[in-house]
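What follows is each chain in one-letter form.
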Amino acid sequence: MTIRRAKGGLESEVLAALWAADGPLTPGDVVQAVDDDLAYTTVQTILVRLHAKGAVIREQVGRAFAYTPVLDDAGLTADRMQALLDRGADHVAVLQQFVRTLSREDETALAELLARQQGQGRS
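Conventions adopted
- Residues numbered from 1 in each chain as written.
- Predicted model: local features only at pLDDT ≥ 70, side-chain atom pairs only at ≥ 80, totals over all residues.
- Heavy atoms only, no water.
- Salt bridge = Lys/Arg side-chain N within 4 Å of Asp/Glu carboxyl O.
- Helix = DSSP H or I, 4+ residues; strand = E, 2+ residues; numbered from the N terminus.
- Buried < 20%, exposed > 50% of the residue type's maximum accessible area, 1.4 Å probe, protein only.
- Core = buried A, V, L, I, M, F, W, Y, C linked by side-chain atoms within 4.5 Å.
- Contact = heavy atoms within 4.5 Å.
- Patch = residues over 30% accessible without salt bridge, like charges linked within 9 Å, V, L, I, M, F, W, Y side chains within 5 Å.
- Areas by Shrake-Rupley, 256 points an atom, 1.4 Å probe, with all protein chains shown as cover.

Caption draft 1: The pattern of salt bridges, seen in detail. Counted under the stated rule, the structure contains two salt bridges. One salt bridge in this structure joins E11 and K53, with 2.7 Å as the shortest N-O distance. Within this pair, whereas E11 is found in helix α1 (residues 9-20), its partner K53 is found in the loop between α3 (40-52) and β1 (56-61), the two being separated by 42 residues in sequence. Classification of E11 by relative accessible area gives buried; the value is 11%. R80 is the partner of E11 in a salt bridge, and the nearest nitrogen-oxygen pair spans 2.4 Å. A residue pair is termed long-range when its members are at least 10 positions apart, and E11 in helix α1 and R80 in helix α4 (residues 73-87) qualify at 69 residues. Salt bridges sharing common partners tie together E11, K53 and R80.

Structure follows, in structure tokens:
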């Protein structure tokens, strides 16, 4: 029986390998770093998708591309949150629902971040 990864799990594993690396990685390097029975073409597809999303940059190294992450974990998560928000027609309703799910600590942190942003002239 094959165990399936959670949605985005392989992408997260590939990004983790890139974040842990000292420099750019080729798809073959990523396969070795992930230490899995992944096909080279599967990893290559994930890297191409990450490049299309702007999460990694690539440079030609021989016949392959070598990939470097652009965003850290927090940046990637923020991009995903923004993409989900953009799917909704009513941003205010989505944000209201989101705020209702926050813990007291997260709500306080968000309020502090928003106040800091307003203090810097951005609303």
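Further notes follow.
Caption draft 2: Geometry of the environment of V70. Note that V70 resides in the loop between β2 (64-69) and α4. Overall, the relative accessible area of 47% leaves V70 in the partly exposed class.

Caption draft 3: Inspection of the nonpolar core at higher detail. Core analysis: the biggest nonpolar cluster contains 18 residues, and V14, L18, V30, L47 and L50 have the highest contact counts within it. Counting only elements with at least two residues in this core, the list comes to α1, α2 (27-34) and α3. The element contributing the most residues to this core is α1, with five residues. Residues within four places of L18 in sequence aside, it is in contact with L25, V30, L47, V56, Y67 and P69.

Caption draft 4: Region of interest: a nonpolar patch on the surface. Taken together, the side chains of M81, F98 and V99 present a nonpolar region at the surface, about 240 Å² in accessible area. Examined against the element boundaries, V99 turns out to sit in helix α5 (residues 91-101).

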